[in-house]
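Here is how the chains run, residue by residue.
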Amino acid sequence: MDINKAKKGTASVWAGETDGFLMGAATVPIVNSVTYSYDDLDEWYDVALGKKPGHIYSRNSNPTVDVLEEKICILEKAEAATTFSTGMAAISNTLYTLLQSGDRVVSIKDSYGGTSKVFMEFLPPMNVAVTLCETGNHEEMEAEIAKGCKVVYIETPTNPTLKVVDLKRMIKAAKAVGATVVVDNTFATPINQNPLVLGADVVVHSATKFLDGHSDAMGGIACGKKDLIKKIHQYREINGATLHPMSAYMIIRGMKTLELRINRQNENAMKIAQFLHTHPKVENVFYPGLPSHKGHDFVKEQMSGFGGMMSFVLKGGYEKVKTFLPKLELAFRAAHLGSVSTLVGPPRTTSHVELTEAQRAKLGIPESLIRYSVGIENAEDLIADLEQGLNAI
Ligand SMILES: *Cc1c(COP(=O)(O)O)cnc(C)c1O
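Rules used throughout
- Residues numbered from 1 in each chain as written.
- Predicted model: local features only at pLDDT ≥ 70, side-chain atom pairs only at ≥ 80, totals over all residues.
- Heavy atoms only, no water.
- Buried < 20%, exposed > 50% of the residue type's maximum accessible area, 1.4 Å probe, protein only.
- Helix = DSSP H or I, 4+ residues; strand = E, 2+ residues; numbered from the N terminus.
- Arc of directions from axis to C-beta.
- Contact = heavy atoms within 4.5 Å.
- Domains from an automatic or database assignment.
- Buried area = accessible area lost by both parts, 1.4 Å probe.
- Salt bridge = Lys/Arg side-chain N within 4 Å of Asp/Glu carboxyl O.
- Polar contact = N/O pair within 3.5 Å; in protein donor to acceptor, adjacent residues only side chain to side chain.
- Nonpolar A, V, L, I, M, F, W, Y, C, P; charged D, E, K, R; others polar.
- Axes fitted to C-alpha atoms, helices over the stretch in contact; angles between N-to-C directions.
- Parallel < 35°, antiparallel > 145°, perpendicular 65-115°, else oblique.
- Left-handed = near helix turned anticlockwise from the far one by under 90°.
- Near = heavy atom within 4 Å.
- Areas by Shrake-Rupley, 256 points an atom, 1.4 Å probe, with all protein chains shown as cover.

Things to note about helix α5 (residues 113-122)
Since one α-helical turn is 3.6 residues long, residues separated by three or four positions face the same way.
Here comes step 1: Listed in full, the buried residues belonging to α5 are Thr-115, Ser-116, Val-118 and Phe-119. For α5, the buried positions fall inside an angular range of 155° around the axis, keeping them on one side.
Here comes step 2: Here the buried face of α5 lies against α4 (87-98), β2 (104-108), β3 (129-133) and β4 (151-155).

In structure tokens, the structure reads:
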């Protein structure tokens with residue numbers, strides 16, 4: 001069958017792996033070779049110029065890494081993909097490729113911490129104007145985009161309060177001024193949301209999170225329109241933030257169960273959000289699947305599932321968090337997300353640790369906010385674990 005027409009569970013397993021491998025191997029070989037030899041100098045020349053398929057040097061391309069790029073292309077409905085050593089390498093290389101001195105980028109205030117740093121500290125000295133809008137304030141963002149910009153950069157849902165951005169609406173505004181739209185799809189994954197289908201130009205991922213899914217490899221991906229990805233790839237070749245073939249293999253292996261894992265995480269997260277939503281010791285729950293969540297009306301069209309990420313606020317302040325978190329038995333207390341195991345942490349000590357209490361308050365991050373990345377365990381057990389933790393405070 002045409003793998004491009006396969007459903008996402010089938011594509012997770014087979015995409016990039018339909019051609020058969022060396023000696024009939026059942027799994028992608030890890031090609032650790034740095035370089036590739038040619039007896040025929042004409043062939044070498046053609047491969048080096050990209051006129052013929054093949055590999056020259058593994059900073060530029062590698063057979064194992066190729067398989068991962070092909071897999072993500074099919075799942076995200078992208079024309080092309082290129083990979084990176086980490087998610088931040090994917091994001092920064094993409095921004096540095098697309099933005100030059102004198103350009104302007106419009107984005108949101110709630111993007112990933114590392115991305116925010118690029119916007120606030122790295123791009124301005126390069127004479128790139130950066131405008132960060134209130135996340136979810138679509139009128140403000142439309143007005144800023146309409147003033148003219150080269151790139152519109154969106155993340156949805158966002159960390160840590162799961163704010164959502166209307167992609168169709170922002171893409172329309174961007175198209176009107178000829179801006180390139182980049183979307184960080186890490187939280188949603190291609191199983192729940194396909195920004196390229198909605199008209200975005202480039203999708204970036206931290207493959208370290210849900211794509212790998214097992215907390216054992218780091219990687220990044222940029223995929224989308226062929227001409228843009230080619231430029232981003234050329235930047236990466238020279239900048240050198242290449243994905244290691246071993247990590248590519250781990251991510252490919254993780255992605256075979258992507259659809260299974262994400263569907264389970266969607267289901268678990270919905271049940272847990274509903275449980276927490278009515279719990280007397282919980283002040284607030286942020287989960288895009290709850291009808292009370294701001295933006296639920298458009299996000300239910302934009303996403304086919306609401307994902308495994310949520311956060312909630314305990315009544316009684318940070319002291320309660322200090323009692324509650326150590327009680328949890330089915331959660332790693334760590335600054336990470338998107339794994340098969342549930343991961344938990346307060347933004348106060350993880351993603352937003354460098355800010356003051358007042359700065360966090362300004363961003364709408366209460367001291368007793370807890371970010372909860374739901375794993376693939378059984379929902380009943382996770383709910384029982386949360387319940388015993390809540391009973392202890
Ligand atoms: C983790 C993360 C990143 C950065 O990815 P790394 O692989 O850690 O470099 C970027 N965006 C989002 C939304 C993330 O969660």
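Here we look at the domain arrangement of the protein
Here comes step 1: Split by domain assignment, the protein resolves into domain 1 (3-255) and domain 2 (258-391).
Here comes step 2: For domain 1 versus domain 2, the separation of C-alpha centres amounts to 27 Å.
Here comes step 3: Every contact between the two is made by 37 residues of domain 1 and, on the other side, 38 residues of domain 2.
Here comes step 4: Together, Pro-160, Asn-192 and Phe-210 form the three largest contributors to the area buried by domain 1 at its contact with domain 2, with a combined 24%.
Here comes step 5: At the junction of domain 1 and domain 2, the tally comes to 1 salt bridge.
Here comes step 6: With a closest N to O distance of 3.7 Å, Lys-117 and Glu-354 form a salt bridge.
Here comes step 7: For the pair domain 1 and domain 2, the interface holds 18 residue pairs in polar contact (both at pLDDT 80 or more).
Here comes step 8: Breaking the side of domain 1 that touches domain 2 down by element, the ones donating at least two residues are α1 (8-14), α7 (167-176), α8 (189-192) and α10 (245-255).
Here comes step 9: Broken down by element, the residue count for the side of domain 1 that touches domain 2 peaks at 4 residues, all from α8.
Here comes step 10: Its residues placed into classes, the side of domain 1 that touches domain 2 shows 15 nonpolar, 15 polar and 7 charged.

A short note on the packing of helix α6 (residues 138-146) against α7
The relative placement of two packed helices is expressed as an angle between their axes plus a distance between the axes.
Here comes step 1: Between α6 and α7, whose axes approach to 9 Å, the crossing angle comes to 15°. In terms of axis orientation, α6 runs roughly parallel to α7. Relative to α7, the crossing made by α6 is right-handed. When α6 is examined against α7, the residues His-138, Glu-139, Met-141, Glu-142 and Ile-145 are found in contact with a partner set consisting of Arg-169, Met-170, Ala-173 and Ala-174.
Here comes step 2: Classifying every residue of the contact of α6 with α7 by side-chain character gives 5 nonpolar, 1 polar and 3 charged.

Quick word on the site of the ligand
Here comes step 1: Near the ligand, the surroundings consist of 15 residues, among which Met-88, Asp-184, Ser-206, Thr-208 and Lys-209 are the closest.
Here comes step 2: One of the side-chain nitrogen or oxygen atoms of Asp-184 is found 2.7 Å away from a nitrogen atom of the ligand.
Here comes step 3: In the model, an oxygen atom of the ligand is placed 2.9 Å from a nitrogen or oxygen of the Ser-206 side chain.
Here comes step 4: When isolated, the ligand has an accessible area of 380 Å², and the protein chains bury 95% of it.
Here comes step 5: A breakdown of the residues in the shell around the ligand according to their chemical character gives 6 nonpolar, 6 polar and 3 charged.

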